[in-house]
Every structure is written in structure tokens, then in C-alpha cells.
Amino acid sequence: MSEGMREAELRKYCKCSICGKKIGEAGMLLFWRVRIERFGVDLGAVQRQDGLAAMLNGHAALARVMGPDEEMAKAVMEPVTLAVCETCACQKDMSVALMAQHDGVPQ
């Protein structure tokens, strides 16, 4: 479990990043702090690693030790940290991609 928040940090999360309402306005003093990161798989790196495993008769564990330990996925956007009220968090039509479009909380 993460540590709690002191006043200065809590003030950054006083409004929901989705609906803009103050946290607790819906009657619950609970909220979610959501960090969204998006990655893309580096197909070239995956193919190189797979090729090394094939050269080693399919020994993926050996290829992992002997290979260059490349990044297999790279960040394609800056992380977004959101404050999400209970009401918005429970909406069934709220997707991660939709959440990521919101500005988030200034860091």
C-alpha cells in the first residue's frame, strides 16, 4: 500500500480530472489516483531476441541471458496522473484511452 498524502499533495487531487467536480461532492470522500502510461512493442527488438532464441535451439531463457537485454517496448506518450472521483471511476463506459485524453494533475 502506498503512503498517505499530506495537505500539499492532496490539494493537487482536490478535483476529479474527468468531471471537474470536487472530490467528495458526490458524498464519498474516496478517490482514485490513476497513472496512465502507453507503450508500443518494438517489433525489431522482439524479432532479434526471437532470432537469438531460434539460433540457440529454442532456449528462450538462454537467449535472455546471452542477449543484449534491449527494451522490448517503448513509451509512446508522457505518463498522465489523474484524480478520479468514485462516480467517474464506476462508470462502465469509462475506458483507459478516454481517461488518458484528460489533462491530468499538474506535477
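See above for the structure.
Not measured: the values here are computed from a predicted model.

What counts as what
All residue numbers here refer to positions counted from 1 along the written sequence of the relevant chain. The predicted nature of this model means local features are confined to residues of pLDDT at least 70 and side-chain atom pairs, given and counted, to a pLDDT of 80 or more, with totals for whole chains, interfaces and linings taken over all residues. Working from all heavy atoms in the structure, the side-chain values ignore hydrogens and water. Segments assigned H or I by DSSP are reported as helices when at least four residues long, segments assigned E as strands when at least two residues long, and all are numbered from the N terminus. In this treatment the radius of gyration is a C-alpha quantity, and the globule benchmark scales as 2.2 Å times the residue count to the 0.38 power. To sort residues, take the accessible area from a 1.4 Å probe on protein chains only and compare it with the maximum for the residue type: under 20% means buried, over 50% means exposed, and anything in between is partly exposed. The contact criterion used is simple: two residues touch if any of their non-hydrogen atoms lie within 4.5 Å. Accessible surface area values rest on a Shrake-Rupley calculation with a 1.4 Å probe, where residue burial reflects the displayed protein chains alone. His is not counted, nor are the chain ends, whereas Lys and Arg count as positive and Asp and Glu as negative. Note that the charge is assigned to NZ on lysines, CZ on arginines, CG on aspartates and CD on glutamates. Note on aromatic contacts: the rings of Phe and Tyr and the six-membered ring of Trp form a pair at centre separations within 6.5 Å, being stacked when their planes are under 30 degrees apart, edge-to-face when over 60 apart, and tilted otherwise. Each pair of strands is called paired provided DSSP finds at least two bridges between the two strands. The salt bridge criterion pairs a side-chain nitrogen of Lys or Arg with a carboxyl oxygen of Asp or Glu, the two atoms within 4 Å.

Novice: Would you mind showing me how to read the overall build of the chain here?
Specialist: Per the secondary structure count, the chain includes five helices and four strands. Reading the secondary structure of the chain in the N-to-C direction produces α-β-β-α-α-β-β-α-α. Relative to the 2.2 N^0.38 estimate, which gives 13 Å for 107 residues, the radius of gyration of the chain is 20 Å and therefore markedly larger than a compact globule would have. Each of the three principal axes of the chain carries a C-alpha extent, and together these read 60 × 30 × 20 Å. Within the span of the chain, comprising 107 residues, buried residues form 21% of the whole. Long-range contacts, defined as pairs at least 24 residues apart, comprise 68% of the intrachain contacts of the chain with a sequence gap of at least 6. Summing over all exposed atoms, the chain offers an accessible surface of approximately 8300 Å²; the carbon and sulfur share of this is 55%. Once the 13 positive and 14 negative side-chain charges of the chain are each reduced to a mean point, those two points are 6 Å apart.

Novice: So what exactly am I meant to see when it comes to the packing of aromatic side chains here?
Specialist: To describe a pair of aromatic rings, one takes the distance between the centres and the angle between the planes. Under the counting rule described, the total for this entry stands at one aromatic pair. With a centroid separation of 6.2 Å and 20° between ring planes, the pair formed by Y13 and F31 is classed as stacked. Residue Y13 is found in the loop between α1 (7-12) and β1 (31-36), and its partner F31 is found in strand β1; the two are separated by 18 residues along the sequence. When its relative accessible area of 24% is taken as the criterion, F31 is described as partly exposed.

Novice: Before we go on, may I ask you to explain the pairing of strand β4 (residues 80-85) in this structure?
Specialist: For a regular strand, side chains alternate in direction, first toward one face of the sheet and then toward the other. With six of its six residues buried, β4 lies for the most part within the structure. Where burial is concerned, the two faces of β4 agree: the one with V80, L82 and V84 and the one with T81, A83 and C85 are both buried. Pairing of β1 with β4 involves six bridges; the strand directions are antiparallel. When the bridges of β4 are listed, F31 appears paired with C85.

Novice: Looking at this structure, how should I read the pattern of salt bridges?
Specialist: Working definition: two side chains of opposite charge can pair if their charged atoms are close together. On inspection of all chains with the given rule, the structure shows six salt bridges. Ionic pairing is found between E37 and R35, a salt bridge with its closest N-O pair at 3.6 Å. For E37, a relative accessible area of 43% corresponds to the partly exposed category. For R35, a relative accessible area of 53% gives the class exposed. Its salt-bridge partner being K74, residue D42 comes within 3.8 Å of it at the nearest N-O pair. Of this pair, D42 sits in the loop between β2 (39-41) and α2 (43-55) while K74 is found in strand β3 (residues 73-75), placing the two residues 32 residues apart along the sequence. Overall, D42 belongs to the partly exposed group, its relative accessible area being 21%. A cluster of three or more residues bridged by salt bridges with shared partners is formed by D42, E71 and K74.

This is a description of form; function is not addressed.
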